[in-house]
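Structural overview for review
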Amino acid sequence: MLPEENSYMTGPEFLEKVLASYQEAFDITRPFDVDGNLYDAYAAFNVTSAKYVLVEKAELWRANCYEHTFFSCCQSFDREVLGRFGREIVEYIEPRIVRGGRECMEKDHMYSFITGIFFSEEGICEEMKKEITKFKFFKNYRFGIRGYSEARLLVFDMENRKVAGNRAARALIKGYRKVWN
């Protein structure tokens, strides 16, 4: 899935490989407009889990889980790109895409992940890595009774073959690092 150690892969080439791994479980739209900003791709996923007693009508619980992933290839990942993604989450992605314009999430909503995956051709400096690590968006719905939304951020440094991400994306980072190295 990820580039071999001795080969150089560009962001768009790597994006194609990542999207190939997403296509079996996610609905992919290419390109995707977020309030005037064009992303290379958007991948949406949802799953419903439920527990019944004997028949479906005797439902004990139900949980709806969602993931909204936005992919972007860029020359460099800097404060401007990070700030724009943060604003888009607050002003457009969470209220319009995640909640669909509703005041709150539906009754059985458990979580929604908003994941940004950026492919930066240029290296990422240490200061920017720290800002990526600190990036955070978390929102409870009705004190957590209706679940939560959380943003995960991954930035691939194509020049140095490294991946950086925020705390919410720890599991994703770990998985990509294992395959990348």
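Within each chain, residues carry numbers counting from 1 in the order of the written sequence. Only residues with pLDDT of at least 70 are given local features in this predicted model, and only at 80 or more are side-chain atom pairs given and counted; all residues enter the totals for whole chains, interfaces and linings. Values reported for side chains reflect all heavy atoms of the structure, with hydrogen atoms and water molecules removed beforehand.

On to the pattern of salt bridges, then. Salt bridge, as used here, is a side-chain nitrogen of Lys or Arg placed within 4 Å of a carboxyl oxygen of Asp or Glu. What the rule picks out here adds up to 8 salt bridges. Glu67 serves as the salt-bridge partner of Arg152, at 2.7 Å between the closest nitrogen and oxygen. A residue pair is termed long-range when its members are at least 10 positions apart, and Arg152 in strand E8 (residues 148-157) and Glu67 in strand E5 (residues 55-74) qualify at 85 residues. In this pair, the class of Arg152 matches that of Glu67, namely buried. Here a helix means four or more residues in a row that DSSP labels H or I, a strand means two or more in a row labelled E, and each is numbered from the N terminus. Each residue is placed in one exposure class: buried if its accessible area under a 1.4 Å probe, protein chains only, is under 20% of its type's maximum, exposed if it is over 50%, and partly exposed if it falls in between.

For Phe, Tyr and Trp, where Trp contributes only its six-membered ring, two rings pair if their centres lie within 6.5 Å, and the inter-plane angle classes them as stacked under 30 degrees, edge-to-face over 60, or tilted in between. A complete count under the given rule lists 17 aromatic pairs for this structure. Aromatic pair Phe85 and Phe118: ring centres 5.4 Å apart, planes at 80°, arrangement edge-to-face. Here the residue Phe85 occupies a position in helix H2 (residues 79-98), and Phe118 occupies one in strand E6 (residues 109-120), the gap between them amounting to 33 residues. Each member of the pair, Phe85 as well as Phe118, is classed as buried. Here the aromatic rings of Phe138 and Tyr148 are separated by 5.2 Å at their centres, their planes lie at 20°, and the arrangement is stacked. Remark: Tyr148 occurs in strand E8 and Phe138 occurs in strand E7 (residues 138-140); sequence separation between them is 10 residues. What makes Tyr148 partly exposed here is its relative accessible area of 24%. Ring-pair connections join several aromatic residues into one group, and the members of that group are Phe32, Tyr39, Tyr42, Phe70, Phe77, Phe85, Phe118 and Phe135. Any Lys NZ or Arg CZ that is within 6 Å of a ring centre and within 35 degrees of that ring's normal is treated as a charge sitting over the ring. Here the guanidinium or amino end of Arg152 rests over the ring plane of Phe113, the centre of that ring lying 4.2 Å away.

In short, shape yes, function no, at least from these values alone.
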